[in-house]
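Each chain, written out:
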Amino acid sequence: MEKSRMNLPKGPDTLCFDKDEFMKEDFDVDHFVSECRKRVQLEGLREDLELYYKLLKAAMVELINKDYADFVNLSTNLVGMDKALNQLSVPLGQLREEVLSLRSSVSEGIRAVDERMSKQEDIRKKKMCVLRLIQVIRSVEKIEKILNSQSSKDTHALEACSPLLTGQILERIATEFNQLQFHAVQSKGMPLLDKVRPRIAGITAMLQRSLEGLLLEGLQTSDVDIIRHCLRTYATIDKTRDAEALVGQILVKPYMDQVIIEQVVESHPDGLQTMYKKLLEFVPHHCRLLREVTGGAISSEKGNTVPGYDFLVNSVWPEIVRGLEENLPSLFNPGDPDAFHKKYTISMNFLRTFERQCGSQASVKRLRAHPAYHSFNNKWNLPVYFQIRFREIAGSLEAALTDVLEDAPAGSSFCLLASHRTWSSLQRCWSDAMFLPSLVHRLWRLTLQILARYSVFINELLLRPISNESAKDIKNPVVTGSKDPSATHGNSEDQGSSPSETKPAAFISSTQLVYVVADLDRLQEQLPELLETIKPKLEMIGFKNFSSISAALADSKMSLSASMPPLSSRIVQDLSESCFSYLKSALEVPRLYRRTNKEVPTTASSYVDSALKPLYQLQSGHKDKLKQALIQQWLEDALSESTHKYCETVSDILHSVRKMEESLKRLKQARKTTSTNPGGSSSGMSDDDKIRLQLALDVEYLGEQIQKLGLQTKDIKSFPALTELVAAAKDQTTEQL
């Protein structure tokens, strides 16, 4: 505070520091010096500090000179101060003694008051205990007096007494008993209370018996007033749960034991549904009065209802669950999955209908929080049911995903049994005969597992060698390394023990490859249909994040799509090899015309038709299974690859023909004879020219057939070069003629 009010003299503007830095609470010399060194050297800082020191010294001298008179008079003003202080010490000492004496007196008075207050508090507590005990005794005597006055009446008078009056008396007793219970709890541990406790226990037992009898009488006679008074009395003494338990024992339990009978349920196909229907009829037929009195019915009057009861939740439902668990234990057996699914579905429909009978959302919440509700739901062993279904689906699927590719059954949209079984497995997961809302997460995982397994199966097919046999012929696996047919039926362990035997090699035909592509394409097209089937099932459990479901299916679809290019590549390769296996027959053309004196060719060779036969078979045999664009692409790629090889073959043939022709010309010039032409042809066209002409006719016919396939020859790689090659050879023949 003093530092903040002190005004330091102002220095020149050339100082390297601020004078206010010296007045800060956290002033540090080292920090001050380091900051100033950033601006000036130490010599400059020393000079500035000496300059400001002189200013401070001058300001201090000026301040002393200004108040010099006050400094001089300071000592003279203190003369005689010690005598004045000595004169004050005596009265101050007396005052101190008086204050200490007064303080002691006040402390003694406060102590006395505290003691009296403590005694009064003890007296008050004892008085309250006595009053409570007196009230307990009075309440006990009052209740006993009421009971004695009722028991002293004549029997006929009691019979003439109306049930309503009995209910009112019990209500008076219950009110007094409630006060008795309150004071008894407050007086806990008092010796007198232990003496009165047997009498209180007797009153409690009597009141309990009377209430039970009165409630039973009211239920039997359907007297609303008696039931209302009785339930209000139970609520007064805080025994509502006892009333609900009593209703469960005397009203609900006998009915449940009559309805829930295992032999009756199993003897009829709709026995379970009939039983649940009878259980649902219990509430409107036998609990109508109780619901009207407690406000559980719609027609209940607000002013005459007794709150605090929920007989459907605390009386009816526990007895239903007990009856099902004790009298119908086979209901929860998951051994037969079809029967289990039917029982579970019917039971959950019954549960939802029972919830609608509760009448309010609060009652439904109490029902769902009840231990009997959880016990009923936990009795259904859903994991075991799913495991059984999982084995069924996985076993059926794995049986189809074998080395032997079988055709799909008639009427299926798929070509292979493996694809048909995959789609049927996906549909079965979400079918009404198998789906359960509580298993939706497991079924969704199984769906993705099925798609992943099918994708792995497709990738395994890509590793199989292609067989030239038909699809029907390769259904039996080919065994390599053993001529004994029985080796295929041997044990796998025996086969592995012999070095001369190998495992059966699984082949796949080109037709089956086409079937795989067709099924893969069809399955991808039907995945959106599967998603539309799944969405309503997910909405049943309140699931709304369909984007994640769509993304997961899109990932599975992408995994399946990834197999399409290698499958197409293998099909194109097989088609190309099949086609070129005939086109390479062009190598036989020189042999057919050289020194055979064969006529001039006018038609194409037969190998061209044979080469295009696999392409025609693909186009005509699978047009209803594959998209036309895909078939055309396969044909174009296969023809491009085979035509390229064919072009190289024709080029080699023409080159060898030209070399042969040149050799014969040199031989002719050497012999200098003109008796015969070089090719030995009598028609004037040499054998080499016939070969060129035949190749030109073959290529021309090949182009025509390509156009008949719906393709353009310009789109076939190497075909324009092939056309130019044979055209040039044909032109050479024409020029020679």
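This is a predicted model, so every value here is computed, not measured.

Thresholds applied
Residues numbered from 1 in each chain as written. Predicted model: local features only at pLDDT ≥ 70, side-chain atom pairs only at ≥ 80, totals over all residues. Heavy atoms only, no water. pLDDT = per-residue confidence, 0-100. Contact = heavy atoms within 4.5 Å. Core = buried A, V, L, I, M, F, W, Y, C linked by side-chain atoms within 4.5 Å. Buried < 20%, exposed > 50% of the residue type's maximum accessible area, 1.4 Å probe, protein only. Helix = DSSP H or I, 4+ residues; strand = E, 2+ residues; numbered from the N terminus. Expected span 1.5 Å × (residues − 1). Bend = angle between axes of the 7 residues up to and from the residue. Phe/Tyr/Trp six-rings, centres within 6.5 Å; stacked < 30°, edge-to-face > 60°. Lys NZ or Arg CZ within 6 Å of the ring centre and 35° of its normal. Salt bridge = Lys/Arg side-chain N within 4 Å of Asp/Glu carboxyl O.

**Focus: the confidence of the model for the protein chain**
Predicted coordinates in areas of low pLDDT are best not read in detail. In the predicted model, the protein chain carries a mean pLDDT of 80, and the fraction of residues at 70 or more is 82%. Below pLDDT 50 for its whole length, residues 154-165 participates in 8 contacts with residues either more than four positions away or in separate chains. Within the model, pLDDT remains below 50 along residues 470-503, and this stretch shows 36 contacts once partners closer than five positions in the same chain are excluded.

**Some thoughts on the nonpolar core**
By size, the foremost hydrophobic cluster in this structure holds 150 residues, and its most contacted members are L231, M275, W317 and L324. Considering each element in turn, this core owes the most residues, 13 residues, to helix α22 (residues 510-540). Sequence-distant contacts of M275, that is, excluding residues within four places in its chain, are made with V259, I260, V265, L324 and L328. Judged by nonpolar contacts, the second largest core, of 9 residues, contains C16, M23, F32 and C36.

**Some details on helix α14 (residues 311-327)**
A rise of 1.5 Å per residue sets the reference length of α14, with its 17 residues, at 24 Å; its end C-alpha atoms lie 22 Å apart and thus fit the reference within 8%. Of all the bends in α14, the greatest reaches close to 30° and is centred on W317; the proline P318 follows between one and four positions later. Taken across its 17 residues, α14 has 12 buried, putting it largely inside the fold. Restricting attention to buried positions, one finds in α14 the residues F311, L312, V313, S315, V316, W317, E319, I320, V321, R322, G323 and L324.

**Some words on helix α24 (residues 564-583)**
Under the 1.5 Å per step criterion, the end-to-end length of α24 is 28 Å for 20 residues, consistent within 8% with the ideal 28 Å. M564, L567, S568, R570, I571, V572, D574, L575, S576, C579, F580 and L583 are the residues of α24 that are buried. Of the surrounding elements, those touching the buried residues of α24 are α20 (440-462), β1 (466-467), α22, α23 (546-561), α26 (606-621) and α27 (628-671).

**Examining the packing of aromatic side chains**
Per the stated rule, a full pass over the model turns up 26 aromatic pairs. Look at Y276 and F350: their rings are 4.3 Å apart centre to centre, the planes differ by 15°, and that puts the pair in the stacked class. Of this pair, Y276 sits in helix α12 (residues 271-286) while F350 sits in helix α15 (residues 337-357), placing them 74 residues apart in sequence. Comparing Y276 with F350, the two get one shared label, buried. Ring pairing ties together the aromatic residues Y276, W317, F332, F340, Y344, F350, F354, Y373, F376, W380 and Y385, which thus form one cluster. Just above the ring of F546 sits the side chain of K535; from NZ or CZ to the centre is 5.7 Å. It is K598 that lies over the ring of Y593; its NZ or CZ is 5.3 Å from the centre.

**Some words on the pattern of salt bridges**
Under the counting rule described, the total for this entry stands at 28 salt bridges. Note that E392 and R428 form a salt bridge whose closest N and O atoms lie 2.6 Å from each other. Linking E392 in helix α18 (residues 382-400) with R428 in helix α19 (residues 417-429), this pair joins segments that are 36 residues apart in sequence. With relative accessibility at 29%, the residue E392 sits in the partly exposed group. Relative accessible area serves as the criterion here: at 31%, R428 is assigned to the partly exposed category. With its nearest N and O atoms 2.8 Å apart, the salt bridge here joins R591 to E588. Given a relative accessible area of 54%, R591 falls into the exposed group.

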